[in-house]
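Coordinates in review
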4 protein chains.
Amino acid sequence: MSSDIGHKLKISVFGQSHGRAIGVVIDGLPAGEAIDEEALYTFMSRRAPGGALATKRKEADRPVILSGLMDGVTAGSPLCAVIENTDVRSGDYVNLADVPRPSHADYTARMRYGEAVDMRGSGHFSGRLTAPLCIAGGIAKQLLSRRGIFVGAHLLCVGGASDEPFPLLPTRELFDGVARKPLPVLSDAAGARMEDEIEQARAEADSVGGVIECAAIGLPAGIGSPMFDGIENRLAAALFGIPAVKGVEFGAGFAAAKMRGSEHNDPYIVENGRLRTAKNDAGGIIGGITTGMPVVLRCAMKPTPSISQPQRSVRLSTMEPEELVIKGRHDPCVALRAVPVVEAVTAFTILDILLEENDHGAF
Amino acid sequence: MSSDIGHKLKISVFGQSHGRAIGVVIDGLPAGEAIDEEALYTFMSRRAPGGALATKRKEADRPVILSGLMDGVTAGSPLCAVIENTDVRSGDYVNLADVPRPSHADYTARMRYGEAVDMRGSGHFSGRLTAPLCIAGGIAKQLLSRRGIFVGAHLLCVGGASDEPFPLLPTRELFDGVARKPLPVLSDAAGARMEDEIEQARAEADSVGGVIECAAIGLPAGIGSPMFDGIENRLAAALFGIPAVKGVEFGAGFAAAKMRGSEHNDPYIVENGRLRTAKNDAGGIIGGITTGMPVVLRCAMKPTPSISQPQRSVRLSTMEPEELVIKGRHDPCVALRAVPVVEAVTAFTILDILLEENDHGAF
Amino acid sequence: MSSDIGHKLKISVFGQSHGRAIGVVIDGLPAGEAIDEEALYTFMSRRAPGGALATKRKEADRPVILSGLMDGVTAGSPLCAVIENTDVRSGDYVNLADVPRPSHADYTARMRYGEAVDMRGSGHFSGRLTAPLCIAGGIAKQLLSRRGIFVGAHLLCVGGASDEPFPLLPTRELFDGVARKPLPVLSDAAGARMEDEIEQARAEADSVGGVIECAAIGLPAGIGSPMFDGIENRLAAALFGIPAVKGVEFGAGFAAAKMRGSEHNDPYIVENGRLRTAKNDAGGIIGGITTGMPVVLRCAMKPTPSISQPQRSVRLSTMEPEELVIKGRHDPCVALRAVPVVEAVTAFTILDILLEENDHGAF
Amino acid sequence: MSSDIGHKLKISVFGQSHGRAIGVVIDGLPAGEAIDEEALYTFMSRRAPGGALATKRKEADRPVILSGLMDGVTAGSPLCAVIENTDVRSGDYVNLADVPRPSHADYTARMRYGEAVDMRGSGHFSGRLTAPLCIAGGIAKQLLSRRGIFVGAHLLCVGGASDEPFPLLPTRELFDGVARKPLPVLSDAAGARMEDEIEQARAEADSVGGVIECAAIGLPAGIGSPMFDGIENRLAAALFGIPAVKGVEFGAGFAAAKMRGSEHNDPYIVENGRLRTAKNDAGGIIGGITTGMPVVLRCAMKPTPSISQPQRSVRLSTMEPEELVIKGRHDPCVALRAVPVVEAVTAFTILDILLEENDHGAF
């Protein structure tokens, strides 16, 4: 198992949903950076459940920073932050072990770790592990914003309901506005349609997938490397670490496959004496290297696999078919709460890449 | 710059399109494996240009193995293979340096490496660098097939023309059949439509994008790890190293975003005493770990950026707008030749993951 | 800063001596391994101060495991263990910031992290950070011993007083016997001379260096790789992470430089039908790969830099010479408490190497 | 097997002594650096055999650069350089396979790679593989010297004959002077004694060990990181990749174990307005971070294991004792030719560390 990532900024996530605590170690933060714990908590609250659209479980999820700070400032040493698990009800998950939930990691975990390992409550695969990702990303966002780099995301679609995409040149204010909404969308009308999709899925004991669009602005041109160390490689390697992500695309992405070069190519223009492209189908990255335009990516999130409808499965001990009914409370649309998680993972990956360009915090 | 990838099987690619040679070092091949150089060359020929649909440049592209073999068998030491550059005509690229080609890496490379670096002929960004990837992948395919694991790919779509997707349980014979076709598709009727798309683009001095679908069969369940070391993370990190890839998805991928859980979840069934899923929207991977079903992925390829139509760009030395006309020969659809490249990258990544599970070649 | 190490078994250490807690995340432990927390604590007690020969500070140092276990058994997910800091008296270190202590990391840390970083109490450089190393190593020792692999160490010399070296074939019982002694030596007479050296140094407000010899038995032949991934490379890279280590040697080590080949070469012999070498000047490693003989290494530990004698330094703010007198309590011989630390680092490095050979715990 | 090392500057070595060619890929060289191939070849000649003191085999060892340069200047893409094997006489090694040479990697390689692998001529373990290390190090030295950083080494002892150590502040001129001598020593009288030692060993069909001292000057203070990413960890991890190295120490090294703190600690002084230490028992590194004083290290080299005297071994196929007589030509003292190799490995490791501090070549 490998729950760590990063070259200069190394993120190591730990915890199971049913253990004492979950958390993260962040190694490689530059020294001398003030960390605003309240702002971090505000950011993390965006992924916390609570609205009518999300699960009813309560999670305080306030991280406690055990190391790495002195008087609120990074000391150059690894930062460890933990969140206690206070609301563990593994009873909800009893008896799942022998009958794997379809499209859930029960079966693959059993094949990987053996029968001895009890995967009730989803163990290390739990969506709850996205909280430590948000700690790391929330801190990264603070460092980035201090350098004029901002990361924002919104729900681009839920089932059949679609938000408008980010404009060509999104602003920090746009990101902030979206982040303050209960449903992180650009168009509130679209948001209302998404709520309908989610409520309808919930009413039918079902779930629904979605797409999250994320952008990073303020990155200079010339960051990244070709081939295996490009911005796309690095971001994709991290983003697929978010549970339920099944696709990642940049710029025009899969739509580019249907385009002509004359349509897809981004013409260079000069505006206010600076070079930029007239549009951004490249998503801000060519040859693995930033163009200076916004980095734009999209993550496809599958529907929550835990649905309350009866499902076909197999009892592993007998290899007999068995109808499975999953109890417990589950988000009907994981994409909703994953919006700040995509921001977080994008932010710490970009910070890692920037720190590689110039270590010691002076980037 | 980082042109290497892999944990146990390390691939280090070198070469520019205008240098003496291009090649690859493969470190970590198990000892005692026979390498069939003819089969390797046959595999590599699949990416070579030559058909009416591809570029007219001649490339012998026969690799010479400098180290790592004894009497045709791997010795446990790193294998280095090189391909000489015999047909270098950088004159075709003269004068591009100061006027960057839209959606090509000229500008980003200049911002990354400085003006001193002449990026004519695309340097290390060249599609020609996919030949060394095919050496590594072709060798990996030989080791995998010996263990009952097969990797195949086909053109799923070109512009508006679409092939049928792989069936639920593709076979080695299916892969072999596709690989022998001049146009690697399942449906020859679809192939004819794709050829039309490509020819039409060429006739209009344009290019067109495409999607490649790739599958790996024979992988046991329980391979991989959650979070950042999952099969999806590893494959995506490698696949985005192929020039022109702008999106990677697994299983239902972006289509999952529009699905309900009841539609997307893969029910478990028993067939001939063995567990499998009734369908495979997971693409053979749940929680980063193989289910035992085929691993299925798709790569979106952007249209070739080098088109002969006049394009808007900027002369960097004066920051004045300039119309650019690109000369030289270019594939109108890079997706076509990239089919074996996607296979290759998928193969060496899977071999790397399997070697990590059990080193010393006895996996 | 990089406080993590390991390929399959990844150790990420966090904490400063003056923070809330110190600890470690261990990623990659095979699932299904029982962890004996009492045995772990017993092991850790060996590095705790307390005897007349060590510092008087009290440290409970009992680790709390936050994640990674279910009912005392590893779950395959990362294990995080923390130790609270209860006896922080940074006042002892006040005013050191501007006058760096000779041969201490004050000055280098300031140059690395900037003036803003207060290095009082030694921050992340503290010897206290060896406690998390012992958590990781103590757990690794439990897994190794279950597979017939045992790691032991002793003080080989302190100043001018020398213990006898390990015999050619040390046993588990020998390791256990040494570990139970207040002073971990083979010869108690030598131990008494070492105590005299240490007491004399303390009485003279001074400190003294030492050498630790460590051996690992039970490793099969054929583990490791040539060049940069050999057993020696891996162990040295980890052992130099222990504060105060200034040299690492294997087998005859520096003595080999004075030897003839005819004297140094280890003849092969057969004993009870098994191959071994008649002596072990190779320290169990040839060409980076184990021979099957005990792995034997030695670490040179410099004298504790914090001595109470007046020392010459410079006030950085004025660049004027200043005589420095260090207050606070300090071990006169760090080598003494470092014996289990060397064992720990050796153990987790060997476990990491073995896990690479065969993942999934079935090595 | 892992023959690669480095974070930003990645070195991947390939080749066996009996293959077509040996070589190295260097990934991560900053773009825009002129490479002087003649100077590189001059550096490499220092490790080439030829003098009366070394083996009689002829090796041209002139590297051919296949990629990574344009008009003699680094292009930012990986540099691959190869050396053809022209003088392969594996017949000399026939019949060694079944009777392992004492203290040679024959046996461990067989246990690691299996019987199928013919290790005649030492395969990838050969001392000949130090030539690619010298290519990488020779190029690194050119980049470092351009930035005022110089690396030099000398033979500190051979058997019982010792050179004087480097002075407290060695200069570039001192390094250059030593490099031009046939025997790289400070004191020619000491050199004459070393030659006697080597000649006597050769005359007695024996070999002899040695110690190499290496220093790097011009490094600023504040480079490196504590714990596992310190200068000592990085250098040791690389230096143990040189065949025959059995010990690595920094500054006072093992001598520090016999010292008091009052003797070992380096007082800070001010000279010409700049801080330095009055002596340098720390070897220029405290807490893993440079002090600004010269980095000083020593490598212990074991005697060449291939000696012509009869030796005790075992025929593996029968497990019967057998007297072994090794034919072929062998250096009686590998330490002699290893002097530039230690420089090379030190140089590329330091360049790697500096590039991490500030990527893009502008360090």
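Residues numbered from 1 in each chain as written. Chains lettered and ligands numbered in written order. Predicted model: local features only at pLDDT ≥ 70, side-chain atom pairs only at ≥ 80, totals over all residues. Heavy atoms only, no water.

**A closer look at the interface of chain A and chain C**
The condition is simple: What makes two residues a contact is simply this: any of their non-hydrogen atoms within 4.5 Å. Each salt bridge in this description consists of a side-chain nitrogen of Lys or Arg and a carboxyl oxygen of Asp or Glu lying within 4 Å of one another. What counts as a helix is a DSSP run of H or I of at least four residues, what counts as a strand is a run of E of at least two, and both are numbered from the N terminus. Three classes are used: nonpolar for Ala, Val, Leu, Ile, Met, Phe, Trp, Tyr, Cys and Pro, charged for Asp, Glu, Lys and Arg, and polar for all others, with Gly counted as polar.
Each partner contributes residues to the interface: chain A has 41 residues there, and chain C has 40 residues. Connecting chain A to chain C are 2 salt bridges. The residue Lys10(A) makes a salt bridge to Asp4(C) at a minimum N-O spacing of 3.0 Å. Of all the elements in the fold, those that place two or more residues in the side of chain A that touches chain C are β2 (10–14), β3 (21–27), β4 (64–67), β5 (69–70), β7 (79–84) and α2 (106–113) of chain A. Per-class residue counts for the side of chain A that touches chain C are 18 nonpolar, 15 polar and 8 charged.

**Details of the packing of helix α1 (residues 37–45) of chain B against helix α3 (residues 130–145) of chain B**
Residues and elements named next belong to chain B. Which entries qualify depends on this criterion: Helix axes use the C-alpha atoms of the stretch in contact, all axes being lines fitted to C-alpha atoms, and the angles between their N-to-C directions lie in the range 0 to 180 degrees. For this classification, under 35 degrees means roughly parallel, over 145 means roughly antiparallel, 65 to 115 means roughly perpendicular, and everything else is oblique. Whether a crossing is left-handed or right-handed is set by the direction in which the near helix is turned from the far one by less than a right angle, anticlockwise for left-handed and clockwise for right-handed.
Between α1 and α3, the least distance of the axes is 9 Å, while the angle of their chain directions is 130°. Here α1 lies oblique to α3, going by the angle between them. Considering how the two elements wind past one another, α1 and α3 form a crossing that is right-handed. Between α1 and α3, the contacting residues are Ala-39, Leu-40, Phe-43 and Met-44 on the first element and Ala-131, Cys-134, Ile-135, Gly-137, Gly-138, Ile-139, Lys-141 and Gln-142 on the second. Of the residues in the contact of α1 with α3, the class split is 8 nonpolar, 3 polar and 1 charged.

**Focus on the pattern of salt bridges**
All names here are of chain D. Cut-off, in case you're wondering: Only protein chains enter the accessibility calculation, which uses a 1.4 Å probe; a residue is then buried when its area is under 20% of its type maximum, exposed when over 50%, and partly exposed in between.
Evaluated as defined, the whole model comprises 104 salt bridges over all chains. Residues Arg-234 and Asp-229 are paired through a salt bridge, measuring 2.8 Å at the closest nitrogen-oxygen approach. Both residues of the pair, Arg-234 and Asp-229, belong to the buried class. With its nearest N and O atoms 2.8 Å apart, the salt bridge here joins Arg-234 to Glu-356. Residue Arg-234 is found in helix α6 (residues 231–239), and its partner Glu-356 is found in helix α8 (residues 334–357); the two are separated by 122 residues along the sequence. The burial state of Arg-234 is the same as that of Glu-356; both residues are buried.

**Some thoughts on the packing of α3(B) against helix α8 (residues 334–357) of chain B**
All names here are of chain B. Closest axis-to-axis distance for the α3/α8 pair is 7 Å, and the angle between their directions is 55°. The angle between α3 and α8 places the two elements in the oblique class. Relative to α8, the crossing made by α3 is left-handed. Facing Thr-130, Leu-133, Cys-134, Ala-136, Gly-137, Ala-140, Lys-141, Leu-143 and Leu-144 of α3, the residues of α8 in contact are Pro-340, Val-341, Glu-343, Ala-344, Val-345, Ala-347, Phe-348, Ile-350, Leu-351 and Leu-354. For the contact of α3 with α8, a count of residues per class yields 15 nonpolar, 2 polar and 2 charged.

**Brief notes about the relation of the copies chain A and chain C**
How we decide: Superposing copies: least-squares fit, C-alpha atoms only, residues required to have pLDDT of at least 70 in both.
Rotating chain A by 180° and translating it 0.0 Å along the rotation axis places it on chain C, where the RMSD comes to 0.0 Å. The relationship between the two copies is best expressed as a two-fold rotation axis. The share of interface residues of chain A whose copies in chain C are also at the interface is 98%, consistent with both copies meeting through the same surface.

**A closer look at the packing of aromatic side chains**
All names here are of chain A. Put simply, the rule is: In this scheme Phe, Tyr and Trp rings, the latter by its six-membered ring, pair at centre separations within 6.5 Å, and the angle between planes marks the pair as stacked below 30 degrees, edge-to-face above 60, and tilted otherwise. In this analysis the charged atom, NZ for Lys or CZ for Arg, is taken to sit over a ring once it is within 6 Å of the ring centre and within 35 degrees of the ring normal.
Tallied over the entire structure, the rule returns 14 aromatic pairs over all chains. Ring centres of Phe-166 and Phe-175 lie 5.5 Å apart, and the angle between their planes is 70°; on these two criteria the pair is classed as edge-to-face. On the basis of relative accessibility, which here comes to 10%, the residue Phe-166 falls in the buried class. Exposure remark for Phe-175: the relative accessible area of 6% places this residue in the buried category. It is Arg-62 that lies over the ring of Tyr-41; its NZ or CZ is 3.7 Å from the centre.

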